[in-house]
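As a plain string of letters, each chain reads:
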Amino acid sequence: MPAGRCIVIPLTLGATTESEMRIILLGAPGSGKGTQAQRLMADHGFPQVSTGDLLRGAVAAGTPMGLRAKAAMDAGELVTDDIVLGIIRDRLAEPDAAGGFILDGFPRNIAQAESLGELLDDIGQPLDAALLIDVDSDVLMKRLTGRRTCSVTGKVLNVYFSPQSEIDECLGAGGELLQRDDDNEETISNRLKVYSEQTAPLIEHYSQASLLSRVDGSGSVDEVYARVGSALGL
Ligand code: AP5
């Protein structure tokens, strides 16, 4: 969607208080889900639950699950639902998730969305919103090839788009700018294909459940964050 054509639908939170919000962030690879989730977590305290981060942690730790997940991640394919659902069940059972959470990168297909619905019904924690961050596909490749993570702070940065002051802050603290293994052009192309085939149908799924809200994900991180806040009524 081009800049300026953002649809913002403020949510009615009903009995759910801000500190209890349960949100899904939807969007293509590179749309800014992780970046916006980090800001929401810092400002509002909702824990960011990123299946990508949890899987990368398992790969780095060399756990059996990480070893099973690695080949799919390196190829830009989805990791099997049984692995991902196990991770989500364990993570949402942790105490900090009892008062709300931001799901970043999960669910990724209709089967995962249905399993999530059953899990949240079981634990009596209904979703408040599925927020789609909408970005033109031609921007995504540059965002992904330019992405770096600060080895000291864990902050997600970008060699093309981050202010020099943020890059310097990382380097000044003795950090390195780390690039993800799957942020190469070939794997990114497959991740974008997998997104349009398997994940994009969730837009209709959550629209039919009257949970979908959309924001324009173009422009600066601050501009997108302001739209996210309005859409969530924060
Ligand atoms: P995952 O880690 O979830 O990756 P992804 O969905 O491909 O999403 P990204 O992390 O690439 O993008 P993002 O939207 O978070 O963008 P970001 O904020 O970093 O998944 C990786 C792999 O794990 C998958 O391929 C799969 O194998 C597996 N996996 C994970 N979950 C799974 C599941 N549920 N089921 C099965 N398999 C699963 O931003 C990107 C860059 O852009 C950054 O450099 C950032 O600084 C920059 N940026 C952000 N916003 C802006 C802006 N407004 N302006 C300029 N630059 C910006």
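Right above here is the structure, for reference.
Residues numbered from 1 in each chain as written. Predicted model: local features only at pLDDT ≥ 70, side-chain atom pairs only at ≥ 80, totals over all residues. Heavy atoms only, no water.

Caption draft 1: Broad picture of the nonpolar core. Membership of the largest hydrophobic core comes to 50 residues, with the highest contact counts inside it found for L92, L103, L116 and Y206. For this core, the element with the highest residue contribution is helix 4 (residues 81-92), accounting for six residues. Residue contacts for Y206: discarding those within four places in its chain leaves I24, L26, P107, A113, L116, L127, A130, L211 and L212. (Core = buried A, V, L, I, M, F, W, Y, C linked by side-chain atoms within 4.5 Å. Buried < 20%, exposed > 50% of the residue type's maximum accessible area, 1.4 Å probe, protein only. Helix = DSSP H or I, 4+ residues; strand = E, 2+ residues; numbered from the N terminus. Contact = heavy atoms within 4.5 Å.)

Caption draft 2: Structural view of the packing of aromatic side chains. What the rule picks out here adds up to zero aromatic pairs. When the ring centre of Y225 is taken as origin, the NZ or CZ atom of R39, which lies over that ring, is 4.4 Å away. Lying over the aromatic face of Y160, K142 brings its terminal NZ or CZ to 5.1 Å of the ring centre. (Phe/Tyr/Trp six-rings, centres within 6.5 Å; stacked < 30°, edge-to-face > 60°. Lys NZ or Arg CZ within 6 Å of the ring centre and 35° of its normal.)

Caption draft 3: Representation of the site of the ligand in the model. Taken together, the neighbourhood of the ligand is formed by 35 residues, with T35, E77, R147, L157 and R191 sitting nearest. One of the backbone N or O atoms of S31 is found 3.3 Å from an oxygen atom in the ligand. Here an oxygen atom of the ligand and a backbone polar atom of G32 are 3.0 Å apart. At the level of elements, helix 1 (33-44), helix 2 (51-61), helix 6 (137-145), strand 6 (156-158) and helix 10 (221-232) are the ones that each hand at least two residues to the shell around the ligand. Considering each element in turn, the shell around the ligand owes the most residues, four residues, to helix 2. When its residues are assigned to classes, the shell around the ligand shows 14 nonpolar, twelve polar and nine charged. (Near = heavy atom within 4 Å. Polar contact = N/O pair within 3.5 Å; in protein donor to acceptor, adjacent residues only side chain to side chain. Nonpolar A, V, L, I, M, F, W, Y, C, P; charged D, E, K, R; others polar.)

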